[in-house]
Amino acid sequence: MSDKKIRFVVAGYGHIGKRHAEMIRRNPDAELVAVCDQLSMEELGVKDLEEPFFQNFEDLLSSGLEYDVVNICTPNGLHADFSLKALAKHKHVVVEKPMALNKVDAEKMVFKSLEMSRHVFCVMQNRYSPPSVWLKQIVEDGILGDPYMVQLNCYWNRDDRYYKKGNWHGDARLDGGTLFTQFSHFVDIMYWLFGDITNIKGNFNDFNHHNLTDFEDSGLVTFDFINGGMGSINYSTSIYHTNFESSITIIGSKGTVKVAGQYMNEVVYCNVKDYEMPELAPSNPPNDYGPYKGSAQNHHLVIQNVVDKLKEKGAITTNALEGLKVVDIIDRIYEVKNKSFTKKKTENK
């Protein structure tokens, strides 16, 4: 496969699916073979498309088209099912975050990928941002010393401009919850840096999404890291009008750092023993969804990683086991939530 182009199909042609498709088209070592979405091209706002278009995923899989990779950009609740069907056809899979909505389905994906000797690439694009790469290096090299405390803050705006009636966002079965859809890539960064967690405690609320979603909009979660130190995740999508910040503060025995900004895209504090911080490359701008913003635009790096791996030129940036662990962590946080939190069905008086 080293001299041939890597051939992709994209399942799900919403905002992120269109971005996947465009990054594939722009990559000289990749080729977009087909696109699939249950909505029509007219409903998707697509006037012309050079590639074949399918409205049924099963039709695409049985079409006889030759391709190597299926990019799953569907609503969250369909990620596992579509991935398993693609793997069963001996295709590699690129799956948008979250990999699945529960640990059991994620484990099925890992098992199927091993059974079929095919790769699962999990899209966790924040790993590519310069501040994240820098954090990984100083944590792995022991520059911060022993981890004491890690605080992850995720404060975004997701109001009725985002949670529109008839959309999958906010639906329990297709969306899964605030941590899955909005903040799983930040949970991934925390896991990537410090590993698994235990002793989870939490407090959850639904402040202003009563008529918009089937789940909580805010939470305060505390835990211990298995490898040492303790941490917290504080999150909310109830922020007024626009995103406030997503940040990570790390307190270690040799120093303290904080990466913040709306999308965890800038180092705002670094005070570490006998260490001078290097100048980092600028972060890419966020995904722009019109009235609201998302995480960094690093999908071209995701596609390049797939190409490099399948051409045997590199390793997978986020493999299936890492994707499973992020799902497992969120799953366990939501187990705590489900014991103590009942979604309110009425508005605040």
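Parameters and conventions
Residues numbered from 1 in each chain as written. Predicted model: local features only at pLDDT ≥ 70, side-chain atom pairs only at ≥ 80, totals over all residues. Heavy atoms only, no water. Core = buried A, V, L, I, M, F, W, Y, C linked by side-chain atoms within 4.5 Å. Buried < 20%, exposed > 50% of the residue type's maximum accessible area, 1.4 Å probe, protein only. Helix = DSSP H or I, 4+ residues; strand = E, 2+ residues; numbered from the N terminus. Axes fitted to C-alpha atoms, helices over the stretch in contact; angles between N-to-C directions. Parallel < 35°, antiparallel > 145°, perpendicular 65-115°, else oblique. Left-handed = near helix turned anticlockwise from the far one by under 90°. Contact = heavy atoms within 4.5 Å. Nonpolar A, V, L, I, M, F, W, Y, C, P; charged D, E, K, R; others polar. Pairing = 2+ DSSP bridges.

**Focus: the nonpolar core**
Okay, so step 1: Phe57, Met99, Leu135, Ile233, Tyr235, Ile248 and Ile250 are the most contacted members of the largest nonpolar core, which totals 72 residues.
Okay, so step 2: With 9 residues, helix α10 (residues 320–340) is the largest single contributor of residues to this core.
Okay, so step 3: In terms of nonpolar packing, the next biggest core, distinct from the first, is built from 25 residues, Val10, Ile24, Met41 and Leu310 among them.

**With respect to the packing of helix α6 (residues 130–140) against helix α8 (residues 184–194)**
Relative placement of two packed helices is described by the angle separating their axes and the distance separating the axes.
Okay, so step 1: For the pair α6 and α8, interaxial distance at closest approach is 9 Å and the crossing angle is 25 degrees. Relative to α8, the element α6 lies roughly parallel. Here α6 and α8 pass one another in a crossing that is right-handed. Contacts between α6 and α8 involve Ser132, Leu135, Lys136 and Val139 on the former and, on the latter, Ile189, Trp192, Leu193 and Phe194.
Okay, so step 2: Class assignment of the residues belonging to the contact of α6 with α8 gives a composition of 6 nonpolar, 1 polar and 1 charged.

**Remarks on the sheet that holds strand β8 (residues 197–205)**
Okay, so step 1: One open sheet holds the 7 strands; their spatial order is β8-β9-β10-β7-β11-β12-β13, and the pairing between them is mixed. Whereas interior strands pair on both sides, the edge strands pair on one side only; in this sheet they are β8 and β13 (266–272). Within this sheet the neighbouring strands show an average axis-to-axis angle of 10 degrees, counted without direction.
Okay, so step 2: α6 contacts β11 (245–252), β12 (255–260) and β13 of the sheet and is inclined by roughly 160 degrees relative to β12.

**Brief notes about α6**
Okay, so step 1: When we look at burial in α6, the residues that qualify are Pro130, Pro131, Ser132, Trp134, Leu135, Lys136 and Ile138.
Okay, so step 2: On its buried side, α6 packs onto α8, β11, β12 and β13.
Okay, so step 3: One or two positions beyond α6, positive phi appears at glycine 142, with a value near 75 degrees.

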